[in-house]
Amino acid sequence: MIARRAILIELPRDKCDVEYIKRLMALTNLAYRDYEIWVSDLPRTIQHQLYHSFVNYMDSLVFGTDPKRWFARTWVPLTTLRIFSDGSRRGDKGAPVVLDFRNNVIRLRQVCKNEPRYVVELSMPEWVIERVKEGGDIKFAMIGLRDNEPYLALVAERVVEPYQPSNYMLVIDVNAWNHGIAWGLIKDGIIIKWKPEIPNLREVDNLYNLSVELSRKYGKLKRLGLDKTEEGKRLRKKIRKLRKRLYTKLRDYAQKLVHRLVRKALRHKAHVIIDNMIEESRKELLEKKIPSGLRKLYLMYTRRFVKLLITQLGWYGVPYEFKRLPSTVCPVCQHKLTQEDGRVMVCTNCGFKAPRDMVPMYWAMKLSEAMKSNLNIKDSFTSE
Ligand SMILES: [Zn+2]
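The structure displayed is predicted, hence computed values, not measured ones.

Participant: Quick question: what am I supposed to make of the pattern of salt bridges here?
Facilitator: Where charged atoms from two side chains of opposite charge approach closely, those side chains can pair. In the structure shown here, the tally under the stated rule is 19 salt bridges. The shortest N-O distance in the salt bridge between arginine 131 and glutamate 130 comes to 3.6 Å. Note on arginine 131: relative accessible area 3%, which makes it buried. We note a salt bridge from arginine 131 to glutamate 134, for which the minimum N-O separation is 2.9 Å.

Written out as structure tokens, the structure is:
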């Protein structure tokens, strides 16, 4: 099985010609649609990348698998040359992206500006060194614009076989961000650890509210035709900064949590079960009357968390599967559960009682027991 991970690196704007990158992206877009167009004033080596070097990679990340969010269809695919510390080389000699592990730099040749022998040098990200240490190789890169800023995306590839799971099971119940993620570590049918993980929402809400407030102010200025004034510009800069802080906060939280959960799974050689309850969470968020902008943000980062989680589980060969684990149906008798104060769920039929976020853990146990004894219990709650 080939596992892939990717990283996005911001390129120095002053060393990049955004218009040139835009043109390359437009050509790439055409290449995706099977048009082969050679433009006389663009370097042939780069155009060659689009029509020849990638023909053999039709099933690869670039043309095949689900594009990552920031791999909009028009990102320009590039081959790489890897020069290792022992001097050995791998890849295309004329590749526009050179990963030089002897000097720990990345050199971009003619992809940032349309000038002969134009090179931009970046320091080698720690991420690349770690992926290579783990047995990964970076065969592909991409260049493109996001919010009109130039970026380089590197894609690490590795062949990995999922391990044989032990008697541990790690259950991850994904809610919308406001209820966070609940995880449970189960060994031989006993929940040995259970924890709901919730980000510091007050801080997130505050940042969000402040950015909305300032955006309103900015809107007012704009209507008065004053958005280009010193005050207007200052305000816009401030809003941008606030949003960036908000996104960084949510992203860092998701990344750290994924890292911890993956480590946990690896440590116990656990089988991972994920309940990805996005739809239900969306409804729950709607009922809570959370402002729509914040709701979108919560859902976006919840999705991103799941994507990041499965990418890393795949990379480290952790076996995982998605399972629907209800939190409103009794795992003992399948009667409907009643919610009491403090998100405690109670079964009026058999007396089962547990915190709402813990109910999925019981379901995971029940389902794995059922799987062992070959009972198909799944059908009993699909019509719920
Ligand atoms: Zn019950």
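Participant: How do you make sense of the sheet that holds strand β9 (residues 168-174) when you look at a structure like this?
Facilitator: Pairing between the strands of a sheet is mediated by backbone hydrogen bonds and can be parallel or antiparallel. Pairing within the open sheet is mixed, and its five strands lie in the order β11-β10-β9-β12-β13. Each of the sheet's edge strands pairs with one partner strand only, and the pair in question is β11 (190-197) and β13 (320-322). Neighbour to neighbour, the strand axes of the sheet diverge by 15° on average, direction disregarded. Relative to β11, strand β10 (residues 181-187) runs antiparallel, the two being bridged by seven bridges. Bridge pairing in β11 links alanine 182 to proline 196.

Participant: Could you clarify how one ought to interpret the packing of helix α4 (residues 201-223) against helix α5 (residues 230-268) in this entry?
Facilitator: Packed helices, taken two at a time, are described by the angle between their axes plus the distance between the axes. The contact between α4 and α5 brings their axes to 9 Å, and the two run at 155°. The angle between α4 and α5 falls in the class roughly antiparallel. The handedness of the crossing between α4 and α5 comes out as left-handed. Residues Glu203, Val204, Leu207, Tyr208, Leu210, Ser211, Leu214, Ser215, Lys217, Tyr218 and Leu221 of α4 lie in contact with α5, whose contacting residues are Glu231, Gly232, Leu235, Arg236, Lys238, Ile239, Leu242, Arg243, Arg245, Leu246, Lys249 and Leu250.

Participant: Is there a simple way to explain the packing of aromatic side chains in this structure?
Facilitator: The description of an aromatic ring pair uses the distance of the two centres, along with the angle that the planes make with each other. In this structure the tally under the stated criterion is three aromatic pairs. Note on phenylalanine 84 and phenylalanine 101: the rings are 5.6 Å apart at their centroids and 0° apart in plane angle, and the pair reads as stacked. With phenylalanine 84 in the loop between β2 (76-83) and β3 (89-91) and phenylalanine 101 in the loop between β4 (97-100) and β5 (105-109), the pair connects residues that are 17 residues apart, well separated along the chain. Both residues of the pair, phenylalanine 84 and phenylalanine 101, count as buried. Judged by centre distance (6.2 Å) and plane angle (90°), the rings of tyrosine 320 and phenylalanine 322 are edge-to-face. Judged by relative accessible area, which is 32%, tyrosine 320 ranks as partly exposed. Above the plane of the ring of tryptophan 315 lies arginine 158, whose end atom (NZ or CZ) is 5.6 Å from the centre. One residue, arginine 263, lies across the ring of tyrosine 316, its end atom 5.3 Å from the ring centre.

Participant: Just to check I follow, could you spell out helix α7 (residues 292-315) for this structure?
Facilitator: Residues spaced three or four apart along an α-helix point in a common direction, a consequence of the helix completing one turn every 3.6 residues. Over its 24 residues, α7 runs 34 Å from end to end, which matches the ideal 34 Å to within 8%, given 1.5 Å per residue. The positive-phi residue at the C-terminal boundary of α7 is glycine 317, with phi of around 70°.

Participant: Which parts of the structure should I look at to understand helix α3 (residues 126-133)?
Facilitator: Residues of α3 that are buried include every one of Trp127, Val128 and Arg131, and no others. Axial view of α3: buried residues confined to an arc of 100°, hence all on one face. Those residues of α3 that are exposed and aimed more than 90 degrees away from the buried face are Glu126 and Lys133. In this structure, the buried residues of α3 make contact with β1 (2-10), β7 (137-146), β8 (149-159) and α7. Phi for glycine 135, located one or two positions after α3, is positive at around 95°.

Participant: Would you explain the coordination of the zinc ion in this entry?
Facilitator: Under perfect tetrahedral coordination by four donors, a metal shows angles of 109.5 degrees; under perfect octahedral coordination by six donors, it shows angles of 90 or 180 degrees. Protein coordination at the zinc ion comes from Cys330 (SG), Cys333 (SG), Cys347 (SG) and Cys350 (SG), with a distance range of 2.3 Å. Binding-site remark: the zinc ion is held by donors from one chain whose sequence spacing is C-x2-C-x13-C-x2-C. Highlighted residues: cysteine 330 in the loop between β13 and β14 (337-340) and cysteine 350 in the loop between β15 (344-347) and β16 (353-355), separated in sequence by 20 residues.

Participant: Looking at this model, I keep getting lost on the nonpolar core. Mind explaining?
Facilitator: Nonpolar side chains in soluble globular proteins tend to end up buried together. Counting residues in each nonpolar core, the largest one holds 68 residues, and the members touching the most others are Leu108, Leu154, Ile172 and Phe305. Of the residues forming this core, the biggest block, seven residues, is contributed by helix α1 (residues 18-32). Residues contacting isoleucine 172, with those up to four places away along its chain left out, are Ile181, Ala182, Trp183, Leu261, Val272, Ile273, Ile274, Asp275, Phe305 and Leu309. Counting residues in each nonpolar core, the second largest holds 20 residues, with Ile186, Met358, Ala364 and Leu367 among its members.

Participant: How do you make sense of the pairing of strand β12 (residues 271-276) when you look at a structure like this?
Facilitator: Working note: regular strand, side chains alternate between the two faces of the sheet. In this sheet, β12 lies alongside β9 in parallel orientation, the contact comprising six bridges. Across the sheet, the residue bridging to isoleucine 172 is isoleucine 274, located in β12. Two elements, β12 and β13, share three bridges in a ladder whose sense is parallel. Residue valine 272 lies in a different strand from β13, and its bridge partner there is tyrosine 320.

Each value, and the rule that gives it
Residues numbered from 1 in each chain as written. Predicted model: local features only at pLDDT ≥ 70, side-chain atom pairs only at ≥ 80, totals over all residues. Heavy atoms only, no water. Salt bridge = Lys/Arg side-chain N within 4 Å of Asp/Glu carboxyl O. Buried < 20%, exposed > 50% of the residue type's maximum accessible area, 1.4 Å probe, protein only. Pairing = 2+ DSSP bridges. Helix = DSSP H or I, 4+ residues; strand = E, 2+ residues; numbered from the N terminus. Axes fitted to C-alpha atoms, helices over the stretch in contact; angles between N-to-C directions. Parallel < 35°, antiparallel > 145°, perpendicular 65-115°, else oblique. Left-handed = near helix turned anticlockwise from the far one by under 90°. Contact = heavy atoms within 4.5 Å. Phe/Tyr/Trp six-rings, centres within 6.5 Å; stacked < 30°, edge-to-face > 60°. Lys NZ or Arg CZ within 6 Å of the ring centre and 35° of its normal. Expected span 1.5 Å × (residues − 1). Arc of directions from axis to C-beta. Donors = N, O, S within 2.8 Å, 3.2 Å for Na, K, Ca; no water. Core = buried A, V, L, I, M, F, W, Y, C linked by side-chain atoms within 4.5 Å.

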